[in-house]
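Structural features, examined
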Amino acid sequence: MGVTRGCQELLSLLCGIWLWVSVAEPSPPTPTGQSREGAPLQFRLAGYPRKHNEGRIEVFYNQEWGTICDDDFTLANAHVLCRHLGFVAATGWTHSAKYGKGSGRIWLDNLNCGGSEKSVVDCRSRGWGNSDCSHEEDAGVICKDERIAGFVDSNVIETEQNQVEELRLRPVVSHAKRPLPVTEGIVEVRYKNSWAQICDENWSSWNSHVVCGMLGFPAEKKVNQNFYRLSAHRHPLNYRLHSVSCLGHEAHLSLCSFEFYRGNATGVCKGGMPAVVGCVPGPLFATGSAQKKKRRPQQVQKRLRLKGGARPGEGRVEVLRNNEWGTVCDDRWNLVSAGVVCRELGFGSAKEALTGARMGQGMGPIHMNEVQCAGSEKSLWSCPHKNITKEGCKHSEDAGVRCNIPSMGYENTVRLSGGRSPFEGRVEVALGAGSNGTQQPWGLVCGQGWGILEAAVVCRQLGLGFASQGLQETWYWDASNVTEMVLSGVKCTGQEMTLSHCRHHDTVTCQKTGTRFAAGVICSETASDLLLHAPLVQETAYIEDRPLHMLYCAAEENCLSSSARQANWPYGHRRLLRFSSQIHNNGRADFRPKAGRHSWVWHECHGHYHSMDIFTHYDLLTPNGTKVAEGHKASFCLEDTECQEDVGKRYECANFGEQGITVGCWDLYRHDIDCQWIDITDVRPGNYILQVVINPRYEVAESDFTNNAMKCNCKYDGHRIWVHNCHIGLARLLGGPAGPKW
């Protein structure tokens, strides 16, 4: 009897455990299935700030609106969802509630579409309402701005009209001859397929501040209200908003409090007029006399900059402390703090606050952590923050920003044609308005002298990221009827915002005038960024007198000064300034040689392939910049010597392997290998500057060429050399770290 009862208890216990495990175990992905009671699903885009073809994706299921979790989300999912919304395809998707957190249910999780499904119900997921996500993980989609032919919006529900999405300033005076940007006018918001005004009752300067920030301007200015009062009623008005009240730190007007006019909005705003705003452009976007005024204060040394961005107003945030540039940790980094950075640099409010080194990793110190701005600060240094500790942050947590910038219309004056994708093609430039204003004539750019710096400007102007290649021949892209060469001798620094800002010939002078010799570009969203570890050069520099009989290979590779040719070989020696160099790739793409393996040159003497003719220049200069000794280094072998934690090596020279430097890795050239020197045999004692320049011919694309140079102060007494104050960059900081002075 007791045994039977014990068996029954044991059986009950095992059944209970089996039932608990069955309930607790997550169910595998299954077909999502149709809405309850067969009701058609409805979709909409929501959130802020956004355009009409992007936003947080929301689905109407079981009589309730909800969101989709970003777990395992892919571009294929976005394709299916964009087709639900009436767009032909998706161009991207977003995670982590980029367009703000939704509310209500999270209807789908672990959504898994192949991309060709006619409906999201044919995709696999955890099932309707089965999710372990929070609204901080709401997914968004970016749809291609092209509608499906004949699409009926029967299953598309517009976002509830409690958001302000697009906004503009409408100048009252015709701006046909007015240069961009538009800095003053009537504030209008997008409403359905037209524009509506805002009643200016109780309108404040804080409201204007927010509007200007959205449009890419750092500050607001007073305007002549009487002028606009006279001209406002000449056009029919359609008021949409009133009672707008901003605090001034908001990144978008949607974050301010306001009210909509409901129903028939005629006869409203009787005590006021349309809101009018005037904005002050930043130095980059000022025109005419305003530009001259803005350039005067630039003599003050800047303590804030953006690095690693492809477009104006974006990049990794770097700050200057004690004459040393460093980064900002992304702990508590948000739109308000990012907005202070943007306005301080002459841009508008922040469009995105980037975390996780999205703009590449910096080097050197991390100066600030847990920055918490209120939004009214004039400088990031005025915001409460913590000093960093060694354990607190890594460069993988470097903060970045994307700022709102004014619309300048630069993208309308250049285009690419004939390429296989929108990111490549032959460069065509606009010549101005066509006859009778009907069609804008276009012309070609001479490819002679065209390079990566010129291509970088075109890619930036079109918003296509970085330049991957600048091409001098484009016969394989001959698909356009544009044949006239209208621009030649183009020379850019690489920092210009438009090709028209670069130097060029007054009259077209092109030796090769055929269309096959027109300039072309290939753009890329990412690029490498090489940076020399300056302290290692300073720590390892020394002089060696090396016998000539040990320098035959070096002479063959042109690593000695020209006077070595007249030496009494193999007797005598050469005096060499030797040092180690450690070259990091801190960008967002691997650094690869320009030439493929088929064109690498084998050097029997050293037993390796050269993948680049010149990889670095080593020079010894007088204080006034005169070169007294030089060296060059072909890329003996570009490989990953060491990498950061969690980054695997990808490039190795052995056995004719692939050459390059992976993101997060570095290539080390030790002081004791051939050509890792400058031949100073003929140099007299004195004070000099040691300069090392990586990728000096700009043969390979990088996100930032301004950090490719390193300089050190040197004192040479004829027997010994002292190297100090090694630093990166073209501009030397005044009052550097203490050291010997001569």
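Residues numbered from 1 in each chain as written. Predicted model: local features only at pLDDT ≥ 70, side-chain atom pairs only at ≥ 80, totals over all residues. Heavy atoms only, no water.

1. Some remarks on the state of the cysteines
One pass over the structure, following the stated rule, counts 15 disulfides. With its sulfur 2.0 Å from that of its partner, Cys69 forms a disulfide with Cys133. Disulfide Cys69 to Cys133: torsion about the S-S bond roughly -75°, handedness left-handed. On the criterion of sequence distance, the pair formed by Cys69 in the loop between strand S4 (64–68) and helix H2 (75–84) and Cys133 in the loop between strand S7 (124–125) and strand S8 (140–143) is long-range, its members being 64 residues apart. With relative accessibility at 0%, the residue Cys69 sits in the buried group. (Disulfide = S-S within 2.5 Å. Helix = DSSP H or I, 4+ residues; strand = E, 2+ residues; numbered from the N terminus. Buried < 20%, exposed > 50% of the residue type's maximum accessible area, 1.4 Å probe, protein only.)

2. Comments concerning the nonpolar core
In this structure, Leu577, Phe579, Phe615, Leu620 and Leu690 are the most contacted members of the largest nonpolar core, which totals 32 residues. Looking at this core, the elements with two or more residues in it are strand S28 (530–532), helix H8 (534–540), strand S34 (616–621), strand S39 (686–694), strand S40 (709–716) and strand S41 (721–728). Ignoring any residue separated from it by four or fewer positions in sequence, one finds Leu620 in contact with Leu577, Thr626, Lys627, Val628, Ala629, Ile678, Ile680, Val683, Tyr688, Ile689, Leu690 and Cys714. (Core = buried A, V, L, I, M, F, W, Y, C linked by side-chain atoms within 4.5 Å. Contact = heavy atoms within 4.5 Å.)

3. A word on the environment of Asp619
With respect to the secondary-structure elements, Asp619 resides in strand S34. Sequence separation between Asp619 and Leu690 is 71 residues, and the spatial gap between their C-alpha atoms is 6.0 Å. Ignoring anything within four residues of it in the chain, the contact list for Asp619 reads Lys627, Ala629, Glu630, Gly631, Ile678, Ile689, Leu690 and Gln691.

4. Some words on helix H3 (residues 205–214)
Of all the 10 residues making up H3, eight are buried; the element is thus mostly covered by neighbouring parts of the structure. For H3, the set of buried residues is Asn207, Ser208, His209, Val210, Val211, Cys212, Gly213 and Met214. Elements in contact with the buried residues of H3: strand S9 (167–170), strand S10 (184–191), strand S12 (219–221), strand S13 (239–245), strand S15 (276–280) and helix H6 (335–344). Immediately downstream of H3, the backbone of Gly216 shows phi near 95°, a positive value.

5. As for the sheet that holds strand S38 (residues 677–679)
The strand order across the open sheet built from three strands is S29-S30-S38, with neighbouring strands paired in antiparallel fashion. Each end of this open sheet is capped by a strand with a single partner; those strands are strand S29 (542–547) and S38. For this sheet, the mean inter-axis angle between neighbouring strands, taken without regard to orientation, is 35°. (Pairing = 2+ DSSP bridges. Axes fitted to C-alpha atoms, helices over the stretch in contact; angles between N-to-C directions.)

6. Here's the deal with the sheet that holds S28
Taken in spatial order, the four strands make up an open sheet running S28-S31-S37-S36, and their pairing is antiparallel. Edge positions in the sheet fall to S28 and strand S36 (642–643), since each of these pairs with one other strand and no more. The sheet contact formed by strand S31 (residues 581–585) and strand S37 (residues 665–669) spans four bridges and is antiparallel. In the strand pairing of S37, Gln582 is matched with Leu668.

7. What to know about the pattern of salt bridges
Inspection of every chain in the model, using the stated rule, returns 36 salt bridges. Where Glu370 meets Arg332, a salt bridge forms, and the shortest distance between an N and an O atom there is 3.9 Å. Remark: Arg332 occurs in the loop between strand S18 (324–328) and H6 and Glu370 occurs in the loop between strand S20 (366–368) and strand S21 (400–403); sequence separation between them is 38 residues. For Arg332, a relative accessible area of 53% translates into the label exposed. Across the pair Arg420 and Glu424 runs a salt bridge, and its minimum N-O distance is 2.6 Å. Residue classification places Arg420 among the exposed positions, given a relative accessible area of 74%. According to the relative accessible area criterion, Glu424 is buried, its value standing at 6%. Among the charged side chains, a network of salt bridges with common partners joins Lys98, Arg311, Glu314, Glu352, Arg402 and Glu525. (Salt bridge = Lys/Arg side-chain N within 4 Å of Asp/Glu carboxyl O.)

8. Some remarks on the side chain of Asp529
Positionally, Asp529 belongs in the loop between strand S27 (520–524) and S28. Buried charged residue Asp529 carries no salt bridge. Nearest counter-charge: Arg316, at 4.7 Å. When near neighbours in sequence (up to four residues on either side) are disregarded, Asp529 contacts His584, Asn585, Asn586, Gly587, Glu702, Ser703, Asp704 and Asn707. (Lys, Arg positive; Asp, Glu negative; His and termini not counted.)

9. Things to note about the packing of aromatic side chains
Between two aromatic rings, the relevant description is the distance of the centres plus the angle of the planes. One pass over the structure, following the stated rule, counts 15 aromatic pairs. Here Tyr61 and Trp107 contribute two aromatic rings whose centre-to-centre distance is 4.7 Å and whose plane-to-plane angle is 75°, an arrangement assigned as edge-to-face. Pair noted here: Tyr61 is in strand S3 (residues 54–61) and Trp107 is in strand S6 (residues 105–108), with a separation of 46 residues, a long-range link. With a relative accessible area of 2%, Trp107 lands in the buried category. Residues Phe579 and Tyr618 carry aromatic rings whose centres are separated by 5.1 Å and whose planes lie at 70° to one another, so their mutual orientation is edge-to-face. Taken together, the residues Phe579 in the loop between strand S30 (573–578) and S31 and Tyr618 in strand S34 connect sequence positions 39 residues apart. As far as the burial class goes, Phe579 and Tyr618 line up, both buried. One aromatic cluster is present, built from ring pairs that chain together Tyr61, Trp107 and Trp128. Sitting over the face of the ring of Trp325, Arg305 holds its NZ or CZ atom 4.1 Å from the ring centroid. (Phe/Tyr/Trp six-rings, centres within 6.5 Å; stacked < 30°, edge-to-face > 60°. Lys NZ or Arg CZ within 6 Å of the ring centre and 35° of its normal.)

10. Some remarks on H2
Since the α-helix packs 3.6 residues into each turn, any two residues three or four apart lie on the same face. H2 sits mainly inside the fold: seven of its 10 residues count as buried. Listed in full, the buried residues belonging to H2 are Ala76, Asn77, Ala78, Val80, Leu81, Cys82 and His84. Looking at the buried positions of H2, the neighbouring elements they touch are strand S2 (42–46), S3, S4, strand S5 (90–94) and S8. One or two residues past the end of H2 sits Gly86, with phi positive at roughly 95°.

11. Things to note about unusual backbone geometry
The omega torsion of the bond from Trp569 to Pro570 falls at 0°, within 30 degrees of zero and hence cis. With respect to the helices and strands, Pro570 occurs in the loop between helix H9 (552–556) and S30. Within the chain, Ala97 stands out as a residue other than glycine whose phi angle is a positive 55°. Here Ala97 shows up in the loop between S5 and S6. By relative accessible area, which is 14% here, Ala97 ends up buried. The backbone phi angle of Asn695 is positive, close to 50°, even though this residue is not glycine. Residue Asn695 is classed as buried on the basis of its relative accessible area of 0%.

12. A word on the pairing of strand S23 (residues 424–430)
Among the seven residues in S23, six count as buried, and that is most of the element. As paired strands, strand S22 (residues 414–418) and S23 are joined by five bridges and run antiparallel to one another. What sits directly across from Val414, in S23, is Val429. Connecting S22 to the next strand, S23, in antiparallel fashion are five residues. With three bridges connecting them, S23 and S27 associate as antiparallel partners.

13. Concerning the environment of Thr493
Mapping Thr493 onto the fold places it in the loop between strand S26 (485–487) and S27. Sequence separation of Thr493 and Leu453 is 40 residues, and the distance between their C-alpha atoms is 6.3 Å.

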